[in-house]
Amino acid sequence: EYSRVSIPTAVNVPGAELVLRAREIAPSPRTTVVVNCAGRTRSIIGAQSLINAGLPNKVVALRNGTMGWSLAGFTCYSGKNRRAPGVSERTLEWARQAAQRVASNCGVTVMDRAKLDALRSNAERTVYLFDVRDPAEYQAGHVPGAVSAPGGQLVQATDQYVGTLGACLVLVDDAEVRALMTASWLRQMGWRDVFVLAAAGTESGWPAGPMLEADTRAEAALELAEFG
């Protein structure tokens with residue numbers, strides 16, 4: 001989506017990555033952080049995530065995103081691939097502590113592999129295992145059976161990933177931050193059993209089984225429909 005259309009000078013930081021990477025991109029608390037998406041849903045969630053995490057910067061969501069920008073007569077870019085930089089240990093530690101506070105306030109539980117194995121062995125419960133990291137990280141190595149579900153997409157379009165009401169949702173992220181922030185939103189949305197597993201895994205490639213996730217063009221159509 002970013003490559004297809006973006007705001008000039010914008011950096012590609014998917015929603016679940018914001019708390020992890022914001023301080024690396026904008027180290028000065030005097031820098032205003034503007035979050036945008038194609039429309040409004042993910043930008044509002046992303047901006048609020050940074051506020052919830054306690055980022056000291058002024059944080060705002062761009063009204064109506066790239067669609068609003070374009071309709072207002074401003075130029076959009078296409079074909080860009082400006083990614084966020086890597087994260088230092090100092091930034092990671094701040095982000096992890098901030099995400100842990102947010103997740104704890106929302107009742108998110110952190111589990112280990114033994115707890116995951118016990119959940120998955122229970123035939124009476126449906127368990128979804130989602131890797132909420134960047135898809136490239138997922139492809140390089142993930143926990144066996146996990147499905148790639150970048151955090152921001154999972155929050156906005158949960159019904160495209162989860163087909164069983166009341167299921168257990170386990171979010172995987174070796175850095176914890178993305179899983180913790182995603183889990184905090186899922187809890188606020190009413191999902192009761194949401195867990196975080198801090199792991200990476202060694203299974204590579206993409207899952208062979210079918211997924212519920214719809215074509216990203218459907219998401220763009222949904223956001224466009226919000227504006228009539």
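Residues numbered from 1 in each chain as written. Predicted model: local features only at pLDDT ≥ 70, side-chain atom pairs only at ≥ 80, totals over all residues. Heavy atoms only, no water.

Asks: Would you mind showing me how to read the pairing of strand S4 (residues 127-131) here?
Replies: In regular strands, side chains alternate between the two faces of the sheet. Burial runs high along S4: four of the five residues are buried. Sheet topology note: the S4/strand S6 (residues 168-172) ladder contains five bridges and is parallel. Each residue of the ladder has a partner; that of phenylalanine 130, found in S6, is leucine 171. (Buried < 20%, exposed > 50% of the residue type's maximum accessible area, 1.4 Å probe, protein only. Helix = DSSP H or I, 4+ residues; strand = E, 2+ residues; numbered from the N terminus. Pairing = 2+ DSSP bridges.)

Asks: How should the confidence of the model for the chain be read in this particular structure?
Replies: Close reading of the predicted structure is inappropriate where its pLDDT is low. For the chain, the average pLDDT comes to 91, and 90% of its residues sit at 70 or higher. For residues 215-228, every residue scores under 50 in pLDDT, and the model assigns this stretch 23 contacts once sequence neighbours within four places are set aside. (pLDDT = per-residue confidence, 0-100. Contact = heavy atoms within 4.5 Å.)

Asks: Is there a simple way to explain the nonpolar core in this structure?
Replies: Judged by nonpolar contacts, the single largest core of 44 residues is most densely connected at Val19, Leu50, Phe130, Leu154, Leu169, Leu171 and Val177. Elements that contribute at least two residues to this core include exactly helix H1 (18-25), strand S1 (33-35), helix H2 (41-53), helix H4 (89-105), S4, S6, helix H8 (177-188) and strand S7 (194-197). Looking at this core element by element, the count peaks at seven residues for H4. When residues no more than four places from it in sequence are discounted, the contact partners of phenylalanine 130 are Val147, Ala149, Leu154, Tyr161, Val162, Leu169, Val170, Leu171 and Val172. The next biggest cluster of nonpolar side chains, apart from the first, holds 13 residues, and it includes Met111, Val143, Cys168 and Phe195. (Core = buried A, V, L, I, M, F, W, Y, C linked by side-chain atoms within 4.5 Å.)

Asks: Even after reading the chapter, I still don't get H4, so can you show me in this structure?
Replies: Helical geometry note: an α-helix holds 3.6 residues per turn, so side chains three or four residues apart project in the same direction. Between its first and last C-alpha, H4 extends 24 Å over 17 residues, near the 24 Å set by a 1.5 Å rise per residue. Buried within H4 are the following residues: Thr91, Leu92, Trp94, Ala95, Arg96, Ala98, Ala99, Val102 and Ala103. The inward-facing, buried residues of H4 contact H1, H2 and H8. The first or second residue beyond H4 is glycine 107, which carries a positive phi of 80°. (Expected span 1.5 Å × (residues − 1).)

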